[in-house]
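# Fold and contact review
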Amino acid sequence: MFKGSMVALVTPFKSGKLDEKTLKGLIEFHIKSGTSALVPCGTTGESPTLSYAEHERVIELTVRCAAGRIPVIAGTGANSTEEAIMLTRHAESVGANASLQVSPYYNRPTQKGLYLHFKSIAESVKIPIILYNIASRTGVNIEPETFAKLAGIDNIVGVKEASGSLEQMSRIRNICPRDFLLISGDDALTLPVMAIGGAGVISVVGNIIPKDVAHMTAAFEKGDIKKAAELHYKMLNLVKAMFIETNPIPVKTAMGLMKMIDPELRLPMCEMLPENKEKLVKAMREYKLI
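Read on for a plain summary of the structure. (Residues numbered from 1 in each chain as written. Predicted model: local features only at pLDDT ≥ 70, side-chain atom pairs only at ≥ 80, totals over all residues. Heavy atoms only, no water.)

### Observations concerning the sheet that holds strand β6 (residues 98-102)
Formally: Strand pairing follows a simple DSSP-based rule, namely that at least 2 bridges must link the two strands. Secondary structure counts use DSSP, requiring at least four H or I residues in a row for a helix and at least two E residues in a row for a strand, with both numbered from the N terminus. For helices, the axis comes from a line fit to the C-alpha atoms of the stretch in contact; other axes are also lines fit to C-alpha atoms, and the angle between any two N-to-C directions lies between 0 and 180 degrees.
Ordered in space as β4-β1-β10-β9-β8-β7-β6-β5, the eight strands form an open sheet in which the pairing is parallel. Of all the strands in the sheet, the pair left with one neighbour each is β4 (37-39) and β5 (73-75). With direction set aside, neighbouring strand axes in the sheet form an average angle of 30°. Both strand β1 (residues 4-8) and strand β10 (residues 200-203) contribute to a ladder of four bridges, which runs parallel. Opposite Met 6, over in β10, you have Ile 202 as the bridge partner.

Here is the structure:
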């Protein structure tokens with residue numbers, strides 16, 4: 001159910017408010033383009049700057065528009081366990097298929113604290129929980145041994161791994177149950193992660209080239225390694241351009257250039273530096289997106 005090209009949706013804004021019409025259009029675009037799951041309200045969706053009402057509305061709207069055609073993995077993590085439980089219960093109540101739970105940021109819990117945090121959230125709902133490990137954002141790494149312990153909880157089903165370490169991911173794959181999902185959290189590592197047993201990617205670049213990301217993961221699953229590698233290398237420069245500045249600044253800028261959204265960001269996210277925008281435009285032109 002959770003494999004292939006899963007896209008971390010941007011949250012479109014217009015004049016400071018949620019642009020619901022554009023969000024609906026993006027959901028249809030992804031369904032038609034072969035995206036295998038949608039992930040609203042993650043890092044790419046600027047969740048830290050969404051109000052509770054907006055957060056809930058984005059998830060409700062995504063579930064309603066997806067209408068069961070593809071799964072919705074709702075970003076409902078927080079650095080407060082109580083807040084994460086509240087958001088996750090809401091996502092479950094409106095029909096989300098799973099929850100993405102980022103490790104608590106800023107307060108930097110111990111491995112025991114991480115275990116207890118995720119355990120409490122998982123026990124508060126029935127939907128599957130996918131953990132999200134990204135120490136560069138949160139300040140704390142979830143160790144493979146902690147994943148192995150968490151995998152013993154029935155509805156904790158996998159991890160979006162954005163540590164950047166294939167060694168760590170290999171250790172997770174090695175010591176966790178075979179059905180515990182390893183999902184790439186880094187577009188540049190999707191193919192290597194799948195090669196060590198990963199299920200796919202929660203993608204940023206998939207916002208603008210969903211068909212290519214979907215085709216790459218599907219090619220690997222079918223055993224067409226040559227085709228998967230061709231697509232991997234085709235996308236590599238564009239993927240690099242997506243992280244010239246902090247995500248989601250470049251991808252929203254790209255979507256604006258492609259007339260997909262109004263590229264509005266919320267502070268503290270801001271407009272790209274001109275020299276970085278030039279690099280992004282160059283990569284997009286090479287890819288024939290503009």
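The structure having been displayed, the exposition proceeds.
### Things to note about the nonpolar core
Put simply, the rule is: Definition used in this section: a nonpolar core is a set of buried Ala, Val, Leu, Ile, Met, Phe, Trp, Tyr and Cys residues joined via side-chain atoms within 4.5 Å. Only protein chains enter the accessibility calculation, which uses a 1.4 Å probe; a residue whose area is less than 20% of its type maximum is buried, one above 50% is exposed, and one in between is partly exposed. Contacts: residue pairs with any heavy atoms within 4.5 Å of one another.
Judged by nonpolar contacts, the single largest core of 33 residues is most densely connected at Val 205, Ile 208, Ile 209, Met 235, Leu 238, Met 242 and Met 255. For this core, the secondary structure elements donating two or more residues are α8 (190-195), α9 (210-221), α10 (225-241), α11 (249-257) and α12 (274-286). For this core, the element with the most residues is α10, which contributes six residues. Setting aside residues up to four positions removed in sequence, Met 242 forms contacts with Val 205, Ile 208, Pro 250, Val 251, Ala 254 and Leu 280. Counting 27 residues, the second largest nonpolar core, distinct from the first, contains Ala 84, Leu 131, Ala 151 and Phe 180.

### As for the packing of aromatic side chains
Our working rule: Pairing of aromatic rings covers Phe, Tyr and Trp, the last through its six-membered ring, and needs centres within 6.5 Å; plane angles under 30 degrees mean stacked, over 60 mean edge-to-face, and all others mean tilted. For a Lys NZ or an Arg CZ to count as sitting over a ring, it must be within 6 Å of the ring centre and within 35 degrees of the ring normal.
Scanning the model with the defined rule gives one aromatic pair in all. Note on Phe 147 and Phe 180: the rings are 6.4 Å apart at their centroids and 50° apart in plane angle, and the pair reads as tilted. Of this pair, Phe 147 sits in helix α6 (residues 144-150) while Phe 180 sits in the loop between α7 (166-175) and β9 (181-184), and the two are 33 residues apart along the sequence. We classify Phe 180 as buried; its relative accessible area is 3%. Cation over ring: Lys 160 sits above Tyr 132, and NZ or CZ is 4.0 Å from the ring centre. The ring of Phe 13 carries the charged tip of Arg 266 above its face, separated from the ring centre by 4.2 Å.

### Quick word on the packing of helix α1 (residues 20-33) against α9
Cut-off, in case you're wondering: In a left-handed crossing the near helix is turned counterclockwise from the far helix by less than a right angle, and in a right-handed crossing that turn is clockwise. For this classification, the nonpolar set comprises Ala, Val, Leu, Ile, Met, Phe, Trp, Tyr, Cys and Pro, the charged set comprises Asp, Glu, Lys and Arg, and every other residue, Gly included, is treated as polar.
Relative orientation of the contacting elements α1 and α9 amounts to 35°, with a least axis distance of 9 Å. Here α1 and α9 pass one another in a crossing that is right-handed. Here α1 contributes Phe 29, His 30 and Ser 33 to the contact with α9, which in turn contributes Pro 210, Lys 211 and Ala 214. Per-class residue counts for the contact of α1 with α9 are three nonpolar, two polar and one charged.

### Focus on the side chain of Gln 101
Selection criterion: Side-chain atoms alone can form a polar contact between residues adjacent in sequence; in general such a contact is a pair of N or O atoms within 3.5 Å, and within protein one must be able to donate a hydrogen while the other accepts it.
Position of Gln 101 relative to the elements: it lies in strand β6. A distance of 2.9 Å separates the side chain of Gln 101 from the side chain of Thr 76, its partner in a polar contact. Within the local environment of Gln 101, its side chain forms a polar contact with the side chain of Thr 88, the two groups lying 2.7 Å apart. For Gln 101, the residues in contact, after removing those within four places along its chain, are Thr 76, Gly 77, Ala 78, Ala 84, Thr 88, Phe 118, Ile 121, Ile 129, Ile 130, Leu 131 and Tyr 132.

### Remarks on the side chain of Lys 160
We count it as follows: Counted as positive: Lys and Arg. Counted as negative: Asp and Glu, with His and the chain ends omitted from the count. Basic side-chain nitrogens of Lys or Arg form a salt bridge, by our definition, when they fall within 4 Å of a carboxyl oxygen of Asp or Glu.
On the secondary structure map, Lys 160 appears in strand β8 (residues 156-161). At 8.4 Å, Asp 187 is the nearest oppositely charged side chain to Lys 160, a buried residue that forms no salt bridge. At 3.4 Å, the side chain of Lys 160 forms a polar contact with the side chain of Tyr 132.

### Brief notes about the environment of Ser 120
Position of Ser 120 among the secondary structure elements: in helix α4 (residues 111-124). Sequence separation between Ser 120 and Ser 33 is 87 residues; the distance between their C-alpha atoms is 36 Å. Residues contacting Ser 120, with those up to four places away along its chain left out, are Thr 81 and Ile 85.

Everything listed is a geometric property; what it means functionally is a separate question.
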